[in-house]
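As a plain string of letters, each chain reads:
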Amino acid sequence: MIILAQKLYAPNACQVYEFGAIGPQIVIPFRRGMFSDSRNNYRSVAWTYMNTMFAHACLGYIDYGFLGAAQVDPYGNINSTQIGFDHSRPKIRFPGSGGANDVASYCWKTFLIMKHEKERFVKKLDFLTSPGYLDGPDAREKAGLPRGGGPYRVITP
C-alpha cells in the first residue's frame, strides 16, 4: 500500500518496517513476502532494530500501520495467531504475529488488509492477537490501554 501511495499521492512518505528499515527506496518489482530482502530495502536511510521501531510507534512518530489478519471481530480486535480455540492443538497456526499488537496499539491509525470472506469477520475471535476496541467504545481507556484502538479502515480485494 505504501509503495502505491508513494507513486501516486505521497512521494515524501517515509515507510518503515518493523524489522528496522527506515525510508527504503523500493526497487520494482517488489518481492512479496520477503520484506527484509535487500532489494526491498535499497538505500534505506537507516537500519535499526524492532525495539527501536516499536519505541518510535509508542512515542507517536508512526502515523499509519498496516496489518494482515485471519479474523476481525465487530470491535476491531484482530486474530493473526491461530484458527481454532484450542491453543495446544489449533486447526491452523500462523508463523507469528510479529509486531501486530504494537502496531495496532501504538500507530495513530491502523489499516487492516484481509480477504473479504465471511469466516474472517467473526462475532468472537479464536485468539486475540491485537486489541481493537475490546468490547466497546470506552473499553480501551477503562483497561488503561494506549491510543489506537481498532482498524481505521479494512481493505479487502
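Chemist: Would you mind going over helix α2 (residues 50–58) with me for this structure?
Modeler: Two residues of an α-helix separated by three or four positions point the same way, owing to the 3.6 residues in each turn. Turning to α2, its buried residues are Met53, Phe54 and Ala57. For α2, the buried positions fall inside an angular range of 95° around the axis, keeping them on one side. Looking at the buried residues of α2, the elements they touch are β1 (21–22) and α3 (100–106). A positive backbone phi angle near 95° is found at glycine 60, which sits one or two residues after α2.

Chemist: Can you help me understand the packing of aromatic side chains in this one?
Modeler: In this structure the tally under the stated criterion is 5 aromatic pairs. For the ring pair phenylalanine 19 and tryptophan 47, a centre distance of 5.7 Å and an interplane angle of 35° mean the geometry is tilted. Of this pair, phenylalanine 19 sits in the loop between α1 (2–8) and β1 while tryptophan 47 is found in strand β2 (residues 46–47), placing the two residues 28 residues apart along the sequence. The exposure class of phenylalanine 19 is partly exposed, given its relative accessible area of 23%. Between phenylalanine 66 and phenylalanine 111, the aromatic rings sit 5.1 Å apart at their centres with planes inclined by 15°, giving stacked as the arrangement.

The rules we used
- Residues numbered from 1 in each chain as written.
- Predicted model: local features only at pLDDT ≥ 70, side-chain atom pairs only at ≥ 80, totals over all residues.
- Heavy atoms only, no water.
- Buried < 20%, exposed > 50% of the residue type's maximum accessible area, 1.4 Å probe, protein only.
- Helix = DSSP H or I, 4+ residues; strand = E, 2+ residues; numbered from the N terminus.
- Arc of directions from axis to C-beta.
- Contact = heavy atoms within 4.5 Å.
- Phe/Tyr/Trp six-rings, centres within 6.5 Å; stacked < 30°, edge-to-face > 60°.

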